[in-house]
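What follows is each chain in one-letter form.
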Amino acid sequence: MGYMENIPLTTNTLAELKALLKGLQLAEQNGWVPLDINTDSAEIIQMLLTGNLIYDPTICECRLLMQRMDRVVVRHTYKEQNRVADAIAKEAAKPTLLGRSSLLAVPPMFVNDLFWADILETEVVRFWHVILTLYLKTSHCWGNYSTPTMTILCNVHFV
């Protein structure tokens with residue numbers, strides 16, 4: 001079971017929180033316990049732990065549902081490991097779906113390949129661009145010390 005909604009005039013944070021809340025409501029209604037929640041938003045996890053003055057009403061609702069269901073675990077995952085949810089969110093953001101929501105009994109066709117890659121635990125390579133900057137002191141030049149820099153870009157990947 002899935003869910004997508006186009007929420008007009010909102011922030012990414014509020015959209016993430018509303019998606020979490022709706023997911024928790026669906027899980028409670030259908031008795032899906034234990035529940036494993038994976039989110040690529042470290043900010044949401046932090047807010048669930050410490051609260052946030054602006055979003056506290058929604059955070060409190062999420063906490064209440066998690067408490068009632070008892071066995072709920074929230075984990076951070078990288079965006080590459082959350083590709084199905086990311087694709088569904090992008091689809092829901094299209095103007096043709098403005099203000100609409102959909103319950104999804106099966107994964108939509110546009111995420112089929114991503115869904116099966118997740119099920120089959122296909123490796124996802126995460127590239128990090130690491131920029132190393134070396135500062136080289138040079139001799140006294142024209143009355144000022146100059147500090148030329150040399151920048152090296154290297155790709156580091158984690159599997």
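Structure's up top.
I will try to describe carefully the structure that is included in this document. (Residues numbered from 1 in each chain as written. Predicted model: local features only at pLDDT ≥ 70, side-chain atom pairs only at ≥ 80, totals over all residues. Heavy atoms only, no water.)

1. Quick word on the pattern of salt bridges
- Applying the stated criterion across every chain yields a total of 4 salt bridges.
- The salt bridge involving arginine 68 is made with glutamate 28; its shortest N-O contact spans 2.7 Å. One end of the pair, arginine 68, is in helix α3 (residues 56–69); the other, glutamate 28, is in helix α1 (residues 12–30), and 40 residues separate them in sequence.
- For aspartate 86, the salt bridge goes to lysine 90, with nearest N and O atoms at 3.4 Å. With aspartate 86 and lysine 90 both in helix α4 (residues 83–92), this residue pair falls 4 residues apart, about one helical turn.
- On the basis of relative accessible area, lysine 90 is assigned to the exposed category, the value being 52%. (Salt bridge = Lys/Arg side-chain N within 4 Å of Asp/Glu carboxyl O. Helix = DSSP H or I, 4+ residues; strand = E, 2+ residues; numbered from the N terminus. Buried < 20%, exposed > 50% of the residue type's maximum accessible area, 1.4 Å probe, protein only.)

2. Here's the deal with unusual backbone geometry
- In this structure, proline 34 follows valine 33 across a cis peptide bond, with omega equal to 0 degrees.
- Structurally, proline 34 can be placed in the loop between α1 and β2 (35–39).
- Of note, the phi angle at aspartate 70 is positive, near 70 degrees, even though the residue is not glycine.
- Looking at the secondary structure, you find aspartate 70 in the loop between α3 and β3 (72–76).
- Classification of aspartate 70 by relative accessible area gives exposed; the value is 62%.

3. Things to note about the environment of leucine 98
- With respect to the secondary-structure elements, leucine 98 resides in the loop between α4 and β4 (101–104).
- In this structure, the C-alpha to C-alpha distance between leucine 98 and asparagine 6, residues 92 residues apart in sequence, is 5.2 Å.
- The residues touching leucine 98, leaving out its near neighbours within four places in the chain, are Asn6 and Pro8. (Contact = heavy atoms within 4.5 Å.)

4. Considerations on the nonpolar core
- Of all hydrophobic cores here, the largest spans 17 residues; its most connected members are Leu20, Leu24, Leu35, Leu48 and Val72.
- Elements with a minimum of two residues in this core: α1, β2, α2 (42–50) and α3. (Core = buried A, V, L, I, M, F, W, Y, C linked by side-chain atoms within 4.5 Å.)

5. As for the environment of glutamate 91
- Here glutamate 91 is to be found in helix α4.
- Ignoring any residue separated from it by four or fewer positions in sequence, one finds glutamate 91 in contact with Met4, Leu97 and Phe110.
- Within the structure, the side chain of glutamate 91 is placed 2.9 Å from the side chain of lysine 94, a separation counted as a polar contact. (Polar contact = N/O pair within 3.5 Å; in protein donor to acceptor, adjacent residues only side chain to side chain.)

6. Focus: the packing of aromatic side chains
- Scanning the model with the defined rule gives 1 aromatic pair in all.
- For the pair phenylalanine 115 and tryptophan 116, a centre-to-centre distance of 5.5 Å together with 80 degrees between the ring planes defines the contact as edge-to-face.
- For phenylalanine 115, a relative accessible area of 25% gives the class partly exposed. (Phe/Tyr/Trp six-rings, centres within 6.5 Å; stacked < 30°, edge-to-face > 60°.)

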